Amino acid sequence: MSWAAPDDVFLSTSLASYLDKKLLVLLRDGRKLMGILRSFDQFANVVLEGACERLIVGDLYCDIPLGLYVIRGENVVLIGELDLEKEELPSNMTRVSTEEIRRAQRAERDATDLKGTMRKRMEFLDFD
Amino acid sequence: MLFFSYFKDLVGREVTVELKNDLAIRGTLHSVDQYLNIKLENTRVVDQDKYPHMLSVRNCFIRGSVVRYVQLPPEGVDVDLLHDATRREARGG
């Protein structure tokens, strides 16, 4: 992943071929950031301009604008080039406001917590 | 450098890369580097319904440190050749 001659850029693993393109960056904590790649180095540290975080809960989604982001390479899982011809998300997904996505996130978390407590009670009963 | 050379020979082949976060991506191996960072082309996610945000990703760069497995085409593995190369490398040649 070093600076290569322009012809080589498209053959190498260098991120140079993604410069100035709109990308999706997946982070180790599961976050999805989108933005335009302006800079990078050999550790996959990257600079995203016009970054936003995409929150997805079920079939709802929301983009939260963040601005200019420098991402430390160790947190990067995957950098994907977004095909502008294709739909970014399945057509059944709807865009909602920040408040609504936060509410959906809370509801989802509460449901998971409830499932956890139910299981604990079942374990206490000790079936089988 | 053995596996780096090995992966370089697989460029152009169809592989499935499974990541440490359980995301599995199938695509044509475009390139590899010394860190075993991988670039894939014409990618599709194995469990698409679970990862809707990956729908419009056609080409991607995967950081080597997050890869768990690379599943190769059976004809892409020459165990004898790899075995010989390992012994050669161990001897320092």
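Just so you know, the residues in each chain are numbered from 1, in the order the chain's sequence is written. Each chain is given a letter, starting from A, and each ligand a number, starting from 1, according to the order in which they appear as written. Where totals are concerned, whole chains, interfaces and linings use all residues; where local detail is concerned, this predicted model gives features only for residues with pLDDT of at least 70, and gives and counts side-chain atom pairs only at 80 or more. Excluded from the side-chain calculation are hydrogens and water; included are all heavy atoms of the structure.

Looking at an unreviewed UniProt entry, one finds chain B named Sm-like protein LSM2 and attributed to Erythroxylum novogranatense. UniProt positions are given in the numbering used here, feature names are shortened, and annotations may be inferred rather than shown by experiment. A UniProt comment under Function (unreviewed entry) is attached to chain B, and it reads "Component of LSM protein complexes, which are involved in RNA processing." Its UniProt record, at the heading Subcellular location (unreviewed entry), says of chain B: "Nucleus".

In the nomenclature of an unreviewed UniProt entry, chain A is known as U6 snRNA-associated Sm-like protein LSm1 of Erythroxylum novogranatense. Its UniProt record gives chain A a comment under Sequence similarities (unreviewed entry), which states: "Belongs to the snRNP Sm proteins family." In its Subunit (unreviewed entry) section, UniProt records this for chain A: "Component of the heptameric LSM1-LSM7 complex that forms a seven-membered ring structure with a donut shape."

## Quick word on the overall build of chain A
When its secondary structure is counted, chain A shows 2 helices and 6 strands. Counting from the amino terminus, chain A carries its helices and strands in the arrangement α-β-β-β-β-β-β-α. Scaling as 2.2 N^0.38, a compact globule of 128 residues should have a C-alpha radius of gyration of about 14 Å, whereas chain A reaches 20 Å, well beyond that. Over its C-alpha atoms, taken along the principal directions, chain A stretches across nearly 65 × 35 × 25 Å. In what follows, residue pairs with any heavy atoms lying within 4.5 Å of each other are defined as contacts. Of the contacts formed within chain A by residues at least 6 apart in sequence, a portion of 49% connects residues at least 24 apart. Each accessible area is a Shrake-Rupley result for a 1.4 Å probe, and residues are judged covered by the shown protein chains and nothing else. Taken as a whole, chain A presents about 8100 Å² of accessible surface, with 53% of it coming from carbon and sulfur. Under the counting rule used here, the positive set is Lys and Arg, the negative set is Asp and Glu, and His together with the chain ends is not counted. A charge is said to be at NZ when it belongs to Lys, at CZ for Arg, at CG for Asp and at CD for Glu. Within chain A, the 23 negative side-chain charges are centred at a point lying 6 Å from the centre of the 18 positive side-chain charges. To qualify as a helix, a DSSP run of H or I must reach at least 4 residues; to qualify as a strand, a run of E must reach at least 2; elements of each kind are numbered from the N terminus. What the globule rule says is 2.2 Å times the number of residues to the power 0.38, and the radius of gyration is computed from C-alpha atoms.

## Notes on the interface of chain B and chain A
The interface is formed by 25 residues belonging to chain B together with 33 residues belonging to chain A. In short, buried area is how much 1.4 Å probe accessible area vanishes from two parts on joining, totalled over both. Interface area for chain B against chain A, summed over the two sides, is near 2300 Å², with a carbon-plus-sulfur share of 59%. Any carboxyl oxygen of Asp or Glu that lies within 4 Å of a side-chain nitrogen of Lys or Arg is treated as forming a salt bridge with it. Applying the counting rule to chain B against chain A returns 0 salt bridges. Polar contact criterion, stated in full: a pair of N or O atoms within 3.5 Å, where within protein one must be able to donate a hydrogen and the other to accept it, and residues adjacent in sequence count only if both atoms are side-chain atoms. The tally of links between chain B and chain A comes to 14 residue pairs in polar contact (both at pLDDT 80 or more). If you list the elements that add at least two residues to the side of chain B that touches chain A, you get strand 2 (24-32), strand 3 (38-45) and strand 4 (57-62) of chain B. A per-element tally of the side of chain B that touches chain A places strand 4 of chain B first, with 6 residues. Basically, the charged four are Asp, Glu, Lys and Arg, the nonpolar ten are Ala, Val, Leu, Ile, Met, Phe, Trp, Tyr, Cys and Pro, and anything else, Gly included, counts as polar. Residues that form the side of chain B that touches chain A fall into these classes: 14 nonpolar, 7 polar and 4 charged.

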